[in-house]
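Listed below, chain by chain, are the residues.
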Amino acid sequence: QVQLAESGGGSVRAGDSLRLSCATSERPNMRYNMGWFRQVPGKEREFLAAISSSGDHPLYAESIKGRFTISRDNAKNLLHLQMNRLKPEDTALYSCAATIAVILTTPTTYPYWGQGTQVTVSS
């Protein structure tokens, strides 16, 4: 019911910053809770951050809290993930997801996903 498309990934050096964006097909009367996840080959998808449909109540994984910030601009149907002080271990495919569920820290509650954008961090 909602389409998602990520952008903003790329190759950067450790310590650099990057902002990812997720364009959505949301409508004013059909807003979703949204989240950011990342995954590398051979590993499980990892929860990073989530935000409510109104843009309030952000949630963060302990591993990235303090470095990453999630936000949304409902007027433009955009979701963002600001990533600072990037590390080589942040290298992964980053995806945004949408759900009407209230449990937001696991990928199993999100039925809608973007195709992902690659982030590569070198030493």
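Criteria and cut-off values
- Residues numbered from 1 in each chain as written.
- Predicted model: local features only at pLDDT ≥ 70, side-chain atom pairs only at ≥ 80, totals over all residues.
- Heavy atoms only, no water.
- Salt bridge = Lys/Arg side-chain N within 4 Å of Asp/Glu carboxyl O.
- Buried < 20%, exposed > 50% of the residue type's maximum accessible area, 1.4 Å probe, protein only.
- Helix = DSSP H or I, 4+ residues; strand = E, 2+ residues; numbered from the N terminus.
- Pairing = 2+ DSSP bridges.

A.B. asks: Help me understand the pattern of salt bridges, please; the structure alone is not making it clear to me.
C.D. replies: Close approach of charged atoms allows side chains with opposite charge to pair. Scanning all chains against the criterion turns up five salt bridges. Between Glu26 and Arg31 there is a salt bridge, with its nearest N and O atoms 3.4 Å apart. The class of Glu26 is buried, set by a relative accessible area of 5%. In this structure, the salt-bridge partner of Arg38 is Glu46, at a minimum N-O distance of 2.8 Å. Given a relative accessible area of 8%, Arg38 falls into the buried group. For Glu46, a relative accessible area of 28% puts it in the partly exposed group.

A.B. asks: Whenever I open this one, the pairing of strand E9 (residues 92-99) confuses me. Can you help?
C.D. replies: Where a strand is regular, its side chains alternate between the two sheet faces. For E9, a buried count of seven out of eight residues is recorded, marking the element as mostly surrounded by other parts of the structure. Pairing of strand E4 (residues 33-39) with E9, which is carried by seven bridges, proceeds in the antiparallel orientation. Its bridge partner being in E9, Met34 is matched across the sheet by Ala98. For E9 and strand E11 (residues 117-122), the ladder comprises three bridges, and the chain directions are antiparallel. Considered in E11, the bridge of Ala92 is made with Val119. As defined by bridge partners, E9 adjoins strand E10 (residues 112-113) across two bridges and the pair is classed as antiparallel.

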